[in-house]
Structure formats: structure tokens, C-alpha cells
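Structural features, examined
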Amino acid sequence: MATDGMSPLDLRLKATWEMLYRKFVDILPDEENQQGYGCINGVNIFNYFKPWQVFSLDPKTATKDDLKKSYYHLCKIYHPDNPETGDRHIFEQIELMYKSVIAGI
């Protein structure tokens, strides 16, 4: 089943339905073009696993080099060693997205 491995779902709660929608359908209408902490290219990387949007690439035309270039660009910004803009949590999400996509190219 698609929800295997998830914590028990309480379908009485709106938050549960929103989480399922995010995971299996798409971005919620009121969450498009988000800004703020954890948002890259309009996507909150903690709510959505949308690597192609985060890297600003088209999955049909992107090459491995395109993906690497975009990944390295984001790494320079969010790497924990960057004293101005570094963030370990964001960096780890970017790294996870990169590893999941690069394996399929």
C-alpha cells in the first residue's frame, strides 16, 4: 500500500489530508510560489519532494551536466560551511533530492 511506512494516519484531520495531497497529487493551490525559510524556486523543500522544480530543470530535457551545475550552484549557497547563507537542514534536503534524481539519469 502507498502509505506503508508512514505513521498512523488520522483522516479526521485537515493536516493529514494536506500531507497526502502533497505526497501523491501536487502542490496545494495556496502553497504555490512560496517564499521564506526552506523555499527554493517557490517550493518548500520540507513539504514537497519536487527536485526538478528545486533545481529549475525540465526532466525531459535536462542532462547530467545540467543537474550537476544546478546542484553545485545551490550547494554554494546552502552548504553549512558558508557563514552567510549556509544551512545544514536545507543542504541535506538538496543533497537527498540530487541523489534521487542523478541515479535515474
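Residues numbered from 1 in each chain as written. Predicted model: local features only at pLDDT ≥ 70, side-chain atom pairs only at ≥ 80, totals over all residues. Heavy atoms only, no water.

Some thoughts on the nonpolar core
Across soluble globular proteins, nonpolar side chains show a tendency to be buried alongside one another. Our working rule: Residues belong to a common nonpolar core when they are buried Ala, Val, Leu, Ile, Met, Phe, Trp, Tyr or Cys residues joined through side-chain atoms within 4.5 Å. Think of it in three bands: with a 1.4 Å probe and only protein chains considered, a residue is buried below 20% of the maximum accessible area for its type, exposed above 50%, and partly exposed in between. Put simply, DSSP H or I for four residues or longer makes a helix, DSSP E for two residues or longer makes a strand, and each gets a number counted from the N terminus. Here, two residues are considered to be in contact whenever any of their heavy atoms come within 4.5 Å of each other.
Ranked by internal contacts, the top residues of the largest apolar core, which has 22 residues, are Ile 40, Val 54, Phe 55, Leu 67, Leu 74 and Ile 94. Residue assignment for this core shows that the elements contributing at least two residues are α3 (64–78) and α4 (88–102). For this core, the element with the most residues is α4, which contributes seven residues. Once residues within four sequence positions are removed from consideration, Phe 55 is found in contact with Asn 41, Leu 67, Ser 70, Tyr 71, Leu 74, Ile 94, Met 97 and Tyr 98.

Observations regarding the UniProt feature "domain: J" (unreviewed entry) in the protein
Cut-off, in case you're wondering: UniProt positions are given in the numbering used here, feature names are shortened, and annotations may be inferred rather than shown by experiment.
Taken from the UniProt record, the annotation "domain: J" (unreviewed entry) applies to residues 59–98. Here residues 59–98 is 65% helix and 0% strand, with 13 Å between the C-alpha atoms at its ends.

Quick word on α3
Inclusion rule: Between the first and last residue of a helix there are one fewer steps than residues, each counted as 1.5 Å, and that sum is the expected span. What the arc measures is the spread of directions leading from the helix axis to the C-beta atoms.
Helix length check: α3 (15 residues) gives 21 Å between terminal C-alpha atoms against 21 Å at 1.5 Å per residue, within 8%. Among the residues of α3, Leu 67, Ser 70, Tyr 71, Leu 74, Cys 75 and Tyr 78 are the ones counted as buried. The buried side chains of α3 occupy one side of the element, clustering within an arc of 140 degrees when seen end-on. Opposite its buried face, α3 presents the exposed residues Asp 65, Lys 69 and Lys 76, each directed more than 90 degrees away. Next to the buried residues of α3 lie β1 (39–40), α2 (51–54) and α4.

Looking at the pattern of salt bridges
Here is the rule: Note on definitions: salt bridges are taken to be side-chain nitrogens of Lys or Arg within 4 Å of carboxyl oxygens of Asp or Glu.
Enumeration according to the criterion identifies four salt bridges in this entry. For Glu 18, the salt bridge goes to Lys 14, with nearest N and O atoms at 3.8 Å. Note that Glu 18 and Lys 14 are positioned in helix α1 (residues 14–24) at a spacing of four residues, about one turn of the helix. Among the residues examined, Glu 18 registers a relative accessible area of 22% and is labelled partly exposed. Judged by its relative accessible area of 63%, Lys 14 is exposed.

Description of the side chain of Gln 34
Note the cut-off: Whenever a nitrogen or oxygen atom comes within 3.5 Å of another N or O atom, the pair is scored as a polar contact, on the condition that within protein one atom can donate a hydrogen and the other can accept it, and that pairs from neighbouring residues in sequence are kept only if both atoms are in side chains.
On the secondary structure map, Gln 34 appears in the loop between α1 and β1. By relative accessible area, Gln 34 is classed as buried at 19%. Separated by 3.5 Å, the side chain of Gln 34 and the backbone nitrogen of Asn 44 make a polar contact.

A closer look at unusual backbone geometry
Positive phi, close to 50 degrees, is recorded for Asn 33, a residue that is not glycine. Relative to the helices and strands, Asn 33 resides in the loop between α1 and β1. Among the residues examined, Asn 33 registers a relative accessible area of 66% and is labelled exposed. Its identity is not glycine, yet Asn 41 carries a phi of approximately 55 degrees, on the positive side. As for its position among the elements, Asn 41 is in the loop between β1 and β2 (43–44).

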